[in-house]
Amino acid sequence: MDRVALRGLKARGHHGVFPREREEGQTFIVDLVLGLDTRPAAADDDLAKTVHYGIVAEEVVAVVQGEPVNLIETLAERIAQVCLKHDGVRQVEVCVHKPDAPITVPFDDVTVTITRSRV
């Protein structure tokens, strides 16, 4: 399986379990790896035979900016489902970063990474 990766998609969302997170929001960063067969697109040099990563990026940002959820695990699952709706995408790895998580000790980042496939 070939891979198309999008790294560092940034969007502001209001996800979290604490009232402050819901009210003020924060920046979330998303990394994606889409698994698909790129050979048909490469053979014909045809965008219609691969995944349009610009559209995927817009859809992912819309999910992050959309309806709030408590957990970044839930956010990652919603993002995965959006990616798998694209015809050629057979598998997706989603990593959601929450660099401004409400943690009381010094840290660099909090991430949740999931892998989902078509059944």
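Quick notes on the rules
Residues numbered from 1 in each chain as written. Predicted model: local features only at pLDDT ≥ 70, side-chain atom pairs only at ≥ 80, totals over all residues. Heavy atoms only, no water. UniProt positions renumbered as here; feature names shortened; annotations may be inferred. Helix = DSSP H or I, 4+ residues; strand = E, 2+ residues; numbered from the N terminus. Buried < 20%, exposed > 50% of the residue type's maximum accessible area, 1.4 Å probe, protein only. Contact = heavy atoms within 4.5 Å. Pairing = 2+ DSSP bridges. Axes fitted to C-alpha atoms, helices over the stretch in contact; angles between N-to-C directions. Parallel < 35°, antiparallel > 145°, perpendicular 65-115°, else oblique. Left-handed = near helix turned anticlockwise from the far one by under 90°. Nonpolar A, V, L, I, M, F, W, Y, C, P; charged D, E, K, R; others polar. Core = buried A, V, L, I, M, F, W, Y, C linked by side-chain atoms within 4.5 Å.

- The name given to the chain in an unreviewed UniProt entry is 7,8-dihydroneopterin aldolase, and the organism recorded there is Streptomyces chartreusis NRRL 3882.
- Recorded in UniProt for the chain, the comment headed Catalytic activity (unreviewed entry) runs: "7,8-dihydroneopterin = 6-hydroxymethyl-7,8-dihydropterin + glycolaldehyde".
- The Pathway (unreviewed entry) field of the UniProt record for the chain holds the comment "Cofactor biosynthesis; tetrahydrofolate biosynthesis; 2-amino-4-hydroxy-6-hydroxymethyl-7,8-dihydropteridine diphosphate from 7,8-dihydroneopterin triphosphate: step 3/4."

1. So, unusual backbone geometry
Part 1 of the reasoning: Positive phi outside glycine occurs at aspartate 45, with the angle close to 50°.
Part 2 of the reasoning: Summarising the element assignment, aspartate 45 is placed in the loop between helix H2 (39-44) and helix H3 (53-65).
Part 3 of the reasoning: According to the relative accessible area criterion, aspartate 45 is exposed, its value standing at 74%.

2. Overview of the environment of glutamate 67
Part 1 of the reasoning: Mapped onto the fold, glutamate 67 is located in the loop between H3 and helix H4 (72-84).
Part 2 of the reasoning: A C-alpha to C-alpha distance of 8.3 Å links glutamate 67 and histidine 15, two positions 52 residues apart in sequence.
Part 3 of the reasoning: In this view, glutamate 67 contacts His15 and Arg78; residues no more than four positions away in its chain are not counted.

3. As for the sheet that holds strand S2 (residues 26-36)
Part 1 of the reasoning: The 4 strands are arranged S1-S2-S3-S4 in an open sheet whose pairing can be described as antiparallel. In this open sheet, the two strands that pair with only one neighbour each are strand S1 (2-13) and strand S4 (111-117). Ignoring strand direction, the axes of neighbouring strands in this sheet form an average angle of 15°.
Part 2 of the reasoning: The sheet contact formed by strand S3 (residues 91-97) and S4 spans 7 bridges and is antiparallel. Residue pairing for S4: valine 94 is matched across the bridge by isoleucine 114.
Part 3 of the reasoning: Taken strand by strand, H3 contacts S1 and S2, and its axis lies near 35° from that of S1.

4. Considering the packing of H3 against H4
In a pair of packed helices, the angle between the axes and the distance between the axes together describe the arrangement.
Part 1 of the reasoning: Viewed as axis vectors pointing N to C, H3 and H4 meet at an angle of 150°, and their least axial separation amounts to 10 Å. The angle between H3 and H4 falls in the class roughly antiparallel. The chirality of how H3 crosses H4 is right-handed. On H4, the residues that touch Val56, Glu59, Val60, Val63 and Val64 of H3 are Leu75, Arg78, Ile79, Val82 and Cys83.
Part 2 of the reasoning: Class assignment of the residues belonging to the contact of H3 with H4 gives a composition of 8 nonpolar, no polar and 2 charged.

5. Quick look at the nonpolar core
What tends to happen in soluble globular proteins is that the nonpolar side chains get buried as a cluster.
Part 1 of the reasoning: Among the nonpolar cores identified, the biggest contains 30 residues, and Val30, Leu32, Leu34, Ile79, Val94 and Val96 are the most heavily contacted of them.
Part 2 of the reasoning: Of all elements in the fold, only S1, S2, H3, H4, S3 and S4 reach the threshold of two or more residues within this core.
Part 3 of the reasoning: Not counting chain neighbours up to four residues away, the residues in contact with leucine 34 comprise Asp2, Arg3, Val4, Leu6, Val51, Val56, Cys83, Val89, Gln91 and Val92.

6. Describing the UniProt feature "domain: Dihydroneopterin aldolase/epimerase" (unreviewed entry) in the chain
Part 1 of the reasoning: Under the local residue numbering, the UniProt record ascribes the feature "domain: Dihydroneopterin aldolase/epimerase" (unreviewed entry) to residues 4-116.
Part 2 of the reasoning: End-to-end, the C-alpha atoms of residues 4-116 are 15 Å apart, and along that stretch the chain is 34% helix and 30% strand.

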